[in-house]
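Tertiary structure, described
Single-letter residue listing:
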Amino acid sequence: MLDDITLDPTGVSAPESGASPRSAEIETRQASIAGTIGKSAAIGALAVNLAACGGASADGAGGGSATSGGGATGSVEQVERKPETDAQAARFALHASLSVSPQDISDLKQIGYEPWLDRQMDATNAQSAAEFFESRGFNRIDTNSYYSRTQPADAMIWNQLMAGGSGVRKRIALALSEFFVVSLNSVDSLIWRSQGMGAYWDMLNDRAFGNFRDLLEDVSLAPVMGVYLNTRGNRKADARTGRVPDENFGREIMQLFSIGLHDLNIDGTDKLNGSGQPIETYDNEDVTGIAKVFTGYDLDFSETTMHPHPSGSNWQIPDPDVAMRPMTADASKWRYPRNESFHSPEEKASSA
């Protein structure tokens with residue numbers, strides 16, 4: 001989502017006399033941003049880059065700049081960067097958000113890039129996915145069979161992307177959804193799968209500017225992820241039957257969700273060993289070990305009410321919250337409670 005934001009060299013004004021080049025200014029500002037987790041780390045660099053290079057005029061004006069202070073020390077006074085034209089404001093908003101309004105343009109010109117971003121990142125969405133389902137009757141248990149349909153999720157995501165709230169937050173959530181991928185069509189065994197996808201979307205919005213550790217835990221325990229990558233119902237090894245824990249999620253959490261396949265240099269290129277080959281970040285022993293971590297989880301029915309099936313059959317339909325609540329390793333809270341845990345007690349060995 002954010003990889004299409006690039007520096008436009010034609011939009012960078014020449015440095016003032018005696019000042020360092022613009023690229024050095026950008027690097028300095030990004031270095032200071034990199035030390036902060038959350039807002040500054042996630043989006044602050046975007047603000048600085050676009051403010052520094054975005055839509056500068058031919059005479060060197062580019063939405064505000066630092067001015068030299070008097071005296072022999074040559075100190076620099078920090079000035080809030082602001083777009084000078086509607087076009088500059090709109091360009092920035094469209095890079096940072098999903099849309100731009102006349103009010104956004106006015107606010108950006110009045111308060112500047114960084115305060116506008118702070119305001120957007122602090123803002124909540126006008127309506128959550130859970131509230132969308134409830135307000136439109138998609139949580140009802142009736143002959144519409146919303147508990148097994150995909151249409152509510154389709155309607156929800158389009159509404160979320162086009163309706164009110166923080167477009168900056170939603171853009172980051174959309175980007176996260178392309179890293180931590182789940183598929184509506186591939187979780188058909190999950191009852192209330194549309195509501196499960198909605199809970200996943202709400203979680204990505206909630207964690208958009210937060211801690212990566214918290215995000216990764218919520219992703220791991222989401223029912224839709226549990227079904228999609230086989231952690232729901234994943235059991236510890238059984239020597240009698242030869243069963244071993246499913247390694248699907250354990251592999252994906254390393255390869256796709258965190259460390260990747262190879263060690264990297266600071267510029268993103270592969271680190272090489274003495275033979276000139278990329279250095280792998282993990283091996284099969286690591287996969288086997290981490291797979292044991294993700295055993296013993298299933299849906300949490302502890303606060304869920306079961307309802308008669310609308311067709312009059314002997315089946316029962318649970319409340320939709322069962323697909324929205326994080327999975328649990330407490331076997332007493334499962335649909336069919338157990339005294340024995342399916343979580344692996346074995347050491348989660350690693351070759352690292």
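See the structure printed just above.
Let me sum up the structure you'll find in this document. (Residues numbered from 1 in each chain as written. Predicted model: local features only at pLDDT ≥ 70, side-chain atom pairs only at ≥ 80, totals over all residues. Heavy atoms only, no water.)

1. A short note on the overall build of the protein
What the protein contains, in helices and strands, is 13 helices and four strands. Considering the protein as a whole, with its 352 residues, one finds that 40% of them fall into the buried category. A separation threshold of at least 6 residues defines the contact pool for the protein, and within that pool the share at least 24 residues apart is 65%. Entry remark: accessible area of the protein is about 18600 Å², with carbon and sulfur atoms responsible for 51%. (Helix = DSSP H or I, 4+ residues; strand = E, 2+ residues; numbered from the N terminus. Buried < 20%, exposed > 50% of the residue type's maximum accessible area, 1.4 Å probe, protein only. Contact = heavy atoms within 4.5 Å. Areas by Shrake-Rupley, 256 points an atom, 1.4 Å probe, with all protein chains shown as cover.)

2. Re the pattern of salt bridges
Applying the stated criterion to the full structure yields 13 salt bridges. D298 is the salt-bridge partner of R232, the closest N and O atoms lying 2.9 Å from each other. Of this pair, R232 sits in the loop between helix 11 (223-228) and helix 12 (248-255) while D298 sits in the loop between helix 13 (284-293) and strand 3 (306-308), and the two are 66 residues apart along the sequence. Residue classification places R232 among the partly exposed residues on the basis of a relative accessible area of 31%. It is possible to trace a salt-bridge network through shared partners that takes in R207, D214 and D218. (Salt bridge = Lys/Arg side-chain N within 4 Å of Asp/Glu carboxyl O.)

3. Here's the deal with the nonpolar core
W116, F180, Y200, V219, M225 and F257 are the most contacted members of the largest nonpolar core, which totals 58 residues. For F180, the contacting residues outside a window of four places in its chain are Y200, F212, L215, L216, V219, M225 and F257. (Core = buried A, V, L, I, M, F, W, Y, C linked by side-chain atoms within 4.5 Å.)

4. Section: the packing of helix 8 (residues 167-179) against helix 9 (residues 193-206)
Taken N-terminus to C-terminus, the directions of helix 8 and helix 9 make an angle of 120°; their axes are 8 Å apart at the nearest point. Taken together, the axes of helix 8 and helix 9 are oblique relative to one another. Judged by the twist between their axes, the crossing of helix 8 over helix 9 is right-handed. Here R169, K170, A173, L174, L176 and S177 of helix 8 lie close against helix 9, whose contacting residues are W201, L204, N205 and D206. (Axes fitted to C-alpha atoms, helices over the stretch in contact; angles between N-to-C directions. Parallel < 35°, antiparallel > 145°, perpendicular 65-115°, else oblique. Left-handed = near helix turned anticlockwise from the far one by under 90°.)

5. Re the packing of aromatic side chains
Here the structure, examined in full by the defined rule, presents twelve aromatic pairs. Geometrically, the ring pair formed by F132 and F138 is tilted, given 6.0 Å between the ring centres and 40° between the ring planes. This pair shows no difference in class: F132 is buried, exactly as F138 is. Summarising the aromatic geometry, the rings of Y147 and W192 are spaced 5.9 Å apart at their centres and angled 70° between planes, so their arrangement reads as edge-to-face. With Y147 in the loop between helix 6 (129-135) and helix 7 (151-162) and W192 in the loop between helix 8 and helix 9, this residue pair connects regions lying 45 residues apart in the sequence. Its relative accessible area of 8% is what places Y147 among the buried residues. Given a relative accessible area of 0%, W192 falls into the buried group. (Phe/Tyr/Trp six-rings, centres within 6.5 Å; stacked < 30°, edge-to-face > 60°.)

6. Here we look at helix 7
Each α-helix turn comprises 3.6 residues. Residues three or four places apart therefore point the same way. Compared with the 16 Å implied by 1.5 Å per residue over twelve residues, the 17 Å span of helix 7 between its first and last C-alpha is a close match. Looking at helix 7, one finds that the buried residues are P152, A153, M156 and Q160. The arc that holds every buried residue of helix 7, seen down its axis, measures 95°, which confines them to one face. Facing away from the buried side of helix 7, by more than 90 degrees, are the exposed residues W158 and M162. Lining the buried residues of helix 7 we find helix 6, helix 8 and helix 9. (Expected span 1.5 Å × (residues − 1). Arc of directions from axis to C-beta.)

7. Some details on the side chain of H309
Of note, H309 is situated in the loop between strand 3 and strand 4 (316-318). Among the polar contacts made by the side chain of H309, one reaches the side chain of Y147 at a distance of 3.1 Å. At a separation of 2.7 Å, a polar atom in the side chain of H309 contacts the side chain of S311. (Polar contact = N/O pair within 3.5 Å; in protein donor to acceptor, adjacent residues only side chain to side chain.)

8. Comments concerning unusual backbone geometry
We note that S145 has phi near 55°; this positive angle belongs to a residue other than glycine. With respect to the secondary-structure elements, S145 resides in the loop between helix 6 and helix 7. Of note, the phi angle at W192 is positive, near 60°, even though the residue is not glycine.

9. As for the packing of helix 9 against helix 10 (residues 212-221)
The interhelical angle for the contact between helix 9 and helix 10, taken along N-to-C directions, is 175°, at an axis separation of 10 Å. Taken together, the axes of helix 9 and helix 10 lie roughly antiparallel to each other. In this structure, helix 9 contributes Y200, M203 and L204 to the contact, and helix 10 contributes L215, D218 and V219. Split into classes, the residues belonging to the contact of helix 9 with helix 10 amount to five nonpolar, no polar and one charged. (Nonpolar A, V, L, I, M, F, W, Y, C, P; charged D, E, K, R; others polar.)

10. Focus on helix 4 (residues 102-111)
Residues of helix 4 that are buried include every one of D104, I105, D107 and L108, and no others. The arc that holds every buried residue of helix 4, seen down its axis, measures 165°, which confines them to one face. Turned more than 90 degrees off the buried face of helix 4, the exposed positions are P102 and Q110. Of the surrounding secondary structure, the elements contacted by the buried residues of helix 4 are helix 3 (86-96) and helix 5 (113-122). Following helix 4 by one or two positions, G112 adopts a phi angle in the positive range, close to 100°.

11. Comments concerning the environment of K271
Along the chain, K271 falls in the loop between helix 12 and helix 13. Not counting residues within four places of it along the chain, the set of residues in contact with K271 comprises D263, L264, N265, Q277, P278 and I279.

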